[in-house]
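Overview (structure and organization)
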There are 2 protein chains.
Amino acid sequence: MSEKLNQLKELLGEVSDLGKAASVLSWDQQVNMPPMGGEARGQQLATLSKIAQEKFTSDEVGRLLEDLKAEFASADPASDEAAMIRVAARNYDKSKRVPPEFVAEQAIVSTKAFEAWVEAKAKSNFSIFQPHLERVVELVKKYISFFPPADHPYDTLLDDYEPGMKTEEVKAIFNALRPKQVELIKAITSSRQVRDDFLFKKYNEAKLLAFGEGIISKFGYDWKRGRQDKAPHPFETAFSVNDVRITTRFEKDNPMAVLFSTMHESGHAMYEQGINPAYERTPLGGGTSLAVHESQSRMWENLVGRSLPFWEHFFPALKKTFPSQLDGVSLKTFYKAINKVEPSLIRVNADEATYNLHIMLRLELEIAMVEGRVAIKDLPELWNAKMQEYLGITPPNDAKGVLQDIHWSGGAIGYFSTYALGNLVSVQLWEKLKKDIRDLDDQLRKGKFDALLGWLREKVHVHGHKYDPQDLVQKVTGSKITPEPYIHYLTKKYGEIYGL
Amino acid sequence: MSEKLNQLKELLGEVSDLGKAASVLSWDQQVNMPPMGGEARGQQLATLSKIAQEKFTSDEVGRLLEDLKAEFASADPASDEAAMIRVAARNYDKSKRVPPEFVAEQAIVSTKAFEAWVEAKAKSNFSIFQPHLERVVELVKKYISFFPPADHPYDTLLDDYEPGMKTEEVKAIFNALRPKQVELIKAITSSRQVRDDFLFKKYNEAKLLAFGEGIISKFGYDWKRGRQDKAPHPFETAFSVNDVRITTRFEKDNPMAVLFSTMHESGHAMYEQGINPAYERTPLGGGTSLAVHESQSRMWENLVGRSLPFWEHFFPALKKTFPSQLDGVSLKTFYKAINKVEPSLIRVNADEATYNLHIMLRLELEIAMVEGRVAIKDLPELWNAKMQEYLGITPPNDAKGVLQDIHWSGGAIGYFSTYALGNLVSVQLWEKLKKDIRDLDDQLRKGKFDALLGWLREKVHVHGHKYDPQDLVQKVTGSKITPEPYIHYLTKKYGEIYGL
C-alpha cells in the first residue's frame with residue numbers, strides 16, 4: 001500500500017480515536033455521571049474536540065491529501081482507497097473553511113441559546129429564546145458564507161447531514177408526499193378510532209425492558225459487542241464496531257414505548273455493528289448519513305416492530321408476560337392499537353402516518369429562516385398555522401409548539417428532514433427486500449430475522465461511509481430516494497387498519 | 001498572574017484533560033465494556049497517552065518552565081505557583097529523559113509479559129513467566145540508566161511512586177518493623193485462635209452492598225460527586241474533584257470483605273474529593289503519593305472500620321440486617337473475628353498484622369533484582385524461603401507464591417513498599433488526630449465522622465500534590481515517616497485481642 005496512504009491513515013486513526021474517546025465521555029455523562037461532574041466533563045470534551053480538530057486540519061493532513069488525490073487520480077473510484085481519500089478530502093475541505101474562532105463563537109452562542117431554550121420551554125415563553133435564536137441563525141448564515149455558493153444556501157447545511165443531497169430534491173420529495181399524508185390523516189380522523197386503553201395500564205418496568213431485550217436479541221443485536229442502559233433520552237453510540245451501545249428510558253405514562261424505542265435504537269446499533277471492520281479508524285467507518293441511519297432504526301421499529309407478522313410471533317409471549325393487562329385483547333386489537341393514528345402536537349410522540357408532516361413544517365421554517373423570508377419573532381404564529389393546516393390541530397402554547405425541539409438551540413439547522421427521509425428510505429429498502437426474500441413475512445411470523453439482517457448487512461451496513469446516501473440507495477434499490485413506496489405503504493397499511 | 005504561567009496552565013490543563021479522559025475510558029473498560037470492546041479501547045487509550053505525552057514534553061512546555069523557574073526563583077517556595085512550577089518541572093524532566101521509543105518498547109514487553117503472567121499463574125508454572133520477567137527487569141535497569149546516578153539504583157524507581165523517598169529510608173523503616181511483626185505473629189499463632197465462622201455464612205449481596213454504602217455516606221463520601229459500581233477488582237478513580245468513583249466486588253467465599261473494600265476505596269475517594277479545587281487541571285491536582293493515598297484508605301478501613309468504637313455504633317444495625325447469620329454473636333466476638341490474625345499466602349487477603357511482611361519480602365526481592373544479585377529463575381525458591389522465615393508458611397505452588405501479583409508483569413517495580421508505608425502513615429496521622437480531637441473514639445461510637453474528615457481535609461487532602469509525601473507527613477505529624485506508632489498500635493491492639 002502507498003506509504004502516504006499509511007501515513008494519512010495513521011493520522012486519521014488518531015483523530016478517530018479522539019472522537020471515540022469523546023463519545024465514551026458523552027455516553028458516560030448521560031448514563032452514569034454524578035450530578036456535579038458536568039463542568040469538568042465539558043472541559044474534557046472541549047479539549048478532545050479542539051485537539052482532534054487541530055490534528056485533522058493540520059497542514060500535514062492537507063499535504064498528504066493533495067499528494068494522494070494525485071496518486072489515486074486514476075484508481076478505481078469504487079476502491080476503498082479512493083473512497084477514503086474522497087471522503088477525507090471532503091471533510092478536510094469543510095473543516096478548513098470554518099475558522100476555529102467561528103467554531104469557538106458558535107459553541108458559546110449555542111451554550112447560551114441552549115440555556116435560554118430550556119428556560120423558555122419551561123415557561124412556555126418564546127420571547128426568552130427569540131434573541132438567542134436570532135443569533136444562532138445569523139451564525140448559520142455566516143457558516144454558509146464560508147462555502148462556495150450552492151444552488152440554494154440551505155444546501156450547505158443539508159450537506160453536513162446528508163452528503164450530496166440538495167434542497168430541491170428534498171422539497172420535491174416532500175411536495176409529492178405532503179398532500180397524500182394530509183389526505184390520509186383526514187380520512188383516518190373521520191373514521192372510527194381504534195381502541196388502545198390497555199397500552200396505558202400499569203406495566204412492570206423490568207419485565208418490559210427484558211422483553212425488549214429479548215426481541216432485539218432475536219433481531220441479531222450482538223450483546224458481546226454492545227449493551228443497553230437507561231438514560232434520560234434513548235440513543236445509540238458506537239465506540240468501535242465491537243462496542244455499540246444503546247440506551248432507553250421507561251415512561252410511566254406510556255410504558256409500551258420502551259419496546260419500540262429499544263427496537264429503534266437496536267436498528268441504529270446493528271448498522272454500526274455491521275460496518276466493514278477494515279474501515280475502523282478511517283473516515284469510512286460509521287453510517288453514511290443520518291437518513292440512512294434512520295432508515296435502519298425505523299425499519300426495525302416500524303416495518304418489523306409494528307407489523308402484524310412480527311406480533312403473530314411475539315404477542316403470545318407478551319400476553320403471557322402481562323396476562324392481566326392484556327386480558328381479552330386479541331392480536332388484531334393489539335396490532336391496531338400500536339398503530340393508532342392521531343394528530344398530535346409533539347414530534348417525538350407522533351405516529352407513522354403523521355410524523356413526516358411535523359418534519360415538513362420544520363423544513364419549511366428552516367428554509368425561510370435561512371432565506372431571511374421570516375422574522376424569528378413570527379415563528380410561533382407560523383408554526384401554529386402550519387400545524388392547523390397539516391394536522392388540523394393548533395398548539396395551546398409555545399412549549400408544545402415551536403419550542404418543543406432542542407435542535408435549533410444547538411445550531412443544528414438542516415437536520416430535521418433526515419428523519420423523514422429515513423422513513424422513506426426504510427420503505428424503499430423494504431420493497432426491495434421483499435423481492436429478494438420472498439417469504440419475509442413468514443420469517444417474521446416465525447421470529448426469524450437472520451435473512452433480513454444478513455441482507456441489510458450485505459447491501460447497506462458493510463459499506464459504512466463508502467457511498468453517499470443517494471448513491472447507496474440507488475445502488476441497492478435502483479433509484480434515488482423517492483416517496484412513492486412510502487405513500488403506497490402508508491395508504492395500504494392504514495387503509496386496512498381504519499377500513500378506508 | 002504571570003502571562004507565561006497562564007500559558008503553562010493552559011497547556012498542562014489539556015494534558016490533564018487527556019489523562020482524565022483516559023481514566024474514564026479505563027473505568028468504563030473495567031465496569032461496563034462489552035467483551036469484544038477491548039482491542040479498540042486499547043488503541044484509543046494508546047492514542048490519548050501518546051498525545052498527552054507529546055503535548056507535555058513539547059519544547060513549548062520546556063521553554064515556559066525554564067522561563068518560569070527564573071521568574072519565580074525568589075517567590076515563596078510554599079506558594080501554589082512555586083509548587084506548581086516545581087512539580088511540573090520535575091515531571092517534565094522525568095518525561096524528557098525517557099525516549100518515546102523506550103516507552104513504546106516497554107508497552108509491548110509489558111503486554112506480552114502480562115499475557116505470559118496470566119498463563120503462568122493459571123498453570124502455576126513460573127517458567128512460562130520467567131523469560132518475560134527477565135526482559136522486564138532488563139528494561140527497568142535501562143530505565144534507571146536514563147537518570148543521574150542516585151544513592152541506590154532502586155531510588156529512581158521508588159521516586160516515581162513516592163517522590164523524594166530513598167531506598168535507605170524504606171529499608172531502615174522496614175528493618176525496625178520486621179522483627180516486631182515477626183515476633184507478634186509468633187506470639188499470636190501460639191495463642192488461642194478467635195472464632196470467625198459466622199463471617200463466612202451466606203449473606204445477601206444487595207443488603208451488604210447497601211450497608212457498606214450507608215457506612216461511607218456517614219463517613220462523608222459525597223455521592224453528588226461520585227458513585228460506586230461493581231468491577232472485577234475494587235479501585236478508586238477521579239475524573240475531577242467533582243467526579244470521584246469507586247468500585248467494589250462481592251466475594252461469595254468472603255462476603256464481609258465488601259464492607260472493608262468499600263470503606264477502603266472511600267478513603268481514597270474522600271482524599272480526591274477533598275483536594276483544593278484551584279488545583280484542578282494542574283500538576284498539583286491528585287493525591288501526593290501512593291503511600292499517602294494508602295494512608296487514607298487504610299485509615300478508614302482499619303483504624304476506623306476495624307475498631308471497637310466504630311462497631312459499637314454499627315454492629316446493632318448489622319445484626320438487625322442479618323439476624324440469623326449473627327445470632328448469638330456479641331460485639332466483642334464480632335470485633336475479634338474481623339481482626340483475626342492468621343499467616344496466609346496471599347497478600348491481598350492478609351490481615352493488618354501480617355500484611356507488611358508480604359511487602360517486605362517483595363521489596364527485598366525487587367532490590368535484589370535491580371542490583372542483579374538474584375537470577376530471575378531463582379525467585380520462586382527465594383520467595384518461598386522468605387515466606388517461611390517471616391510468616392512460618394510455605395506456598396504449595398507458584399500461583400500462591402511468586403506469581404500471585406500482577407505488578408511485575410507491567411514493569412511496576414518500586415510500587416509495593418508504598419502499601420506498607422501507607423499503613424505506617426495512617427497510624428502516624430491517627431496518633432496526631434487523637435491529640436487534636438480528644439473525643440475521637442466517642443465520636444466513632446456515635447457514628448460521627450465530620451470532625452475526623454474535616455481534620456483530614458484540612459491537614460492532608462486540600463494540599464493535593466503540593467507537598468512531597470515526607471514533607472507532608474513531617475508538616476502534619478512533626479516527623480517523617482516512622483515505624484514506632486505502627487509498632488505500638490499493632491502490639492496494643494493485638495495484645496488485647498489475643499491476650500498477649
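Scanning chain A from terminus to terminus reveals 20 helices and three strands. A globule of 500 residues ought to have a C-alpha radius of gyration of about 23 Å, and chain A, at 23 Å, matches this closely. Principal axes of the C-alpha set define a box for chain A whose edges measure 70 × 50 × 50 Å. Out of the 500 residues belonging to chain A, those deemed buried represent 43%.

Next up on the list: the pairing of strand β2 (residues 236–240) of chain B. Residues and elements named next belong to chain B. Among the five residues in β2, five count as buried, and that is most of the element. By the bridge criterion, four bridges tie β2 to strand β3 (residues 243–248) in an arrangement that is antiparallel. Its bridge partner lying in β3, T237 is registered against R245. Between β2 and β3, which pair antiparallel and follow one another directly, the connecting turn spans two residues.

Much of the literature gives interface size as the accessible area that the parts lose upon coming together. In this complex, chain B contributes 31 residues to the contact, which on the side of chain A involves 31 residues. Elements represented by at least two residues in the side of chain B that touches chain A include exactly α1 (3–31), α2 (38–56) and β2 of chain B. A total of eight residues in the side of chain B that touches chain A trace back to one element, the largest contributor, which is α1(B). Partitioned by chemical class, the residues of the side of chain B that touches chain A number 13 nonpolar, eight polar and ten charged.

Between its terminal C-alpha atoms helix α12 (residues 308–321) of chain A stretches 19 Å, which fits the 20 Å expected from 14 residues at 1.5 Å a residue. In α12(A), a bend of some 45° at A:F314 exceeds every other bend along the element, and A:P316, a proline, comes one to four places later.

Residue and element names in this part refer to chain A. The mixed open sheet is built from three strands, whose spatial order is β1-β3-β2. Because the sheet does not close on itself, it has two edges, and the strands there are β1 (228–230) and β2 (236–240). Put simply, the sheet's adjacent strands are angled 25° from each other on average, direction ignored. Its contacts with the sheet put helix α10 (residues 257–273) on β1, β2 and β3 (243–248), and the angle it makes with β3 is roughly 165°.

Taken residue by residue, a regular strand's side chains alternate between the two faces of the sheet. Residues and elements named next belong to chain A. Most of β3 is tucked away, with six of its six residues classed as buried. Along β3, one buried face is formed by D243, R245 and T247 and the opposite face, lined by V244, I246 and T248, is buried too. Where β1 lies against β3, three bridges are found, and the strand directions are parallel. For D229, the partnering residue across the bridge sits in β3 and is T247.

With that settled, the discussion passes to the domain arrangement of chain A. Residue and element names in this part refer to chain A. Domains assigned within chain A are domain 1 (3–97) and domain 2 (122–500). The distance between the C-alpha centroids of domain 1 and domain 2 comes to 28 Å. In this complex, domain 1 contributes 18 residues to the contact, which on the side of domain 2 involves 17 residues. Elements with a minimum of two residues in the side of domain 1 that touches domain 2: α1 (3–31) and α4 (80–97). For the side of domain 1 that touches domain 2, the element with the highest residue contribution is α1, accounting for eleven residues. The class makeup of the residues in the side of domain 1 that touches domain 2 is eight nonpolar, five polar and five charged.

If you rotate chain B by 180° and push it 0.0 Å along the axis, it lands on chain A with an RMSD of 0.0 Å. Considering both components of the superposition, the chain copies are consistent with a two-fold axis. Residue B:A21, judged by its C-alpha, is the member of chain B lying nearest the rotation axis, at 3.6 Å. The residues that chain B uses at the interface reappear at the interface of chain A in 100% of cases, marking a shared surface.

In this section: the confidence of the model for chain A. Considering every residue of chain A, the mean pLDDT works out to 96; 100% of them sit at 70 or more. Two numbers describe this predicted complex: its pTM, 0.95, and its ipTM, 0.94.

As for its position among the elements, A:H358 is in helix α14 (residues 352–371). Residues in contact with A:H358, not counting those within four places in the same chain, are A:R347 and A:A350.

For the rest of this paragraph, the subject is the sheet that holds strand β1 (residues 228–230) of chain B. What holds strands together in a sheet is hydrogen bonding between their backbones, with the strands either parallel or antiparallel. Residues and elements named next belong to chain B. Strand order in this open sheet of three strands is β1-β3-β2, and the pairing throughout is mixed. One side of each edge strand has no neighbouring strand; the edge strands of this open sheet are β1 and β2. Strand-to-strand twist in this sheet, taken as the mean axis angle between neighbours without regard to direction, amounts to 25°. Against the sheet, helix α10 (residues 257–273) makes contact with β1, β2 and β3, and its axis sits at roughly 165° relative to β3, the strand it touches most.

What follows concerns helix α8 (residues 167–189) of chain B. All names here are of chain B. In this model α8 runs 31 Å from its N-terminal to its C-terminal C-alpha over 23 residues, within 8% of the 33 Å that 1.5 Å per residue would give. Its axis deflected by about 30° at L177, α8 carries its strongest bend there, up to four residues before the proline P179. Those residues of α8 not exposed but buried are T167, V170, I173, F174, L177, Q181, L184, I185 and I188. At its buried positions, α8 is contacted by α7 (153–161), α14 (352–371), α15 (379–391), α16 (417–436) and α20 (484–498).

Moving on, we come to the environment of A:V136. Residues and elements named next belong to chain A. Within the fold, V136 resides in helix α6 (residues 126–145). Judged by the 26 C-beta atoms lying within 10 Å of it, V136 is buried. For the pair V136 and E294, spaced 158 residues apart in sequence, the C-alpha to C-alpha distance is 26 Å. Contacts of V136, omitting those with residues within four sequence positions, involve V109, A113, W408 and G411.

Before going further, it helps to examine the packing of helix α16 (residues 417–436) of chain A against helix α19 (residues 469–477) of chain A. Residue and element names in this part refer to chain A. Between α16 and α19, whose axes approach to 10 Å, the crossing angle comes to 20°. When the axis of α16 is compared with that of α19, the two are roughly parallel. As α16 runs across α19, the sense of the crossing is left-handed. Between α16, through V425, Q428, L429 and K432, and α19, the contact on the second element is made entirely by V473, V476 and T477. Looking at the contact of α16 with α19 residue by residue, the class counts come to four nonpolar, two polar and one charged.

About the cut-offs
Residues numbered from 1 in each chain as written. Chains lettered and ligands numbered in written order. Predicted model: local features only at pLDDT ≥ 70, side-chain atom pairs only at ≥ 80, totals over all residues. Helix = DSSP H or I, 4+ residues; strand = E, 2+ residues; numbered from the N terminus. Rg over C-alpha atoms; globule rule 2.2 N^0.38 Å. Buried ≥ 20, exposed ≤ 12 C-beta atoms within 10 Å, placed from the backbone. Pairing = 2+ DSSP bridges. Contact = placed C-beta atoms within 7 Å. Nonpolar A, V, L, I, M, F, W, Y, C, P; charged D, E, K, R; others polar. Expected span 1.5 Å × (residues − 1). Bend = angle between axes of the 7 residues up to and from the residue. Axes fitted to C-alpha atoms, helices over the stretch in contact; angles between N-to-C directions. Domains from an automatic or database assignment. Least-squares fit on C-alpha atoms with pLDDT ≥ 70 in both. pLDDT = per-residue confidence, 0-100. Parallel < 35°, antiparallel > 145°, perpendicular 65-115°, else oblique. Left-handed = near helix turned anticlockwise from the far one by under 90°.

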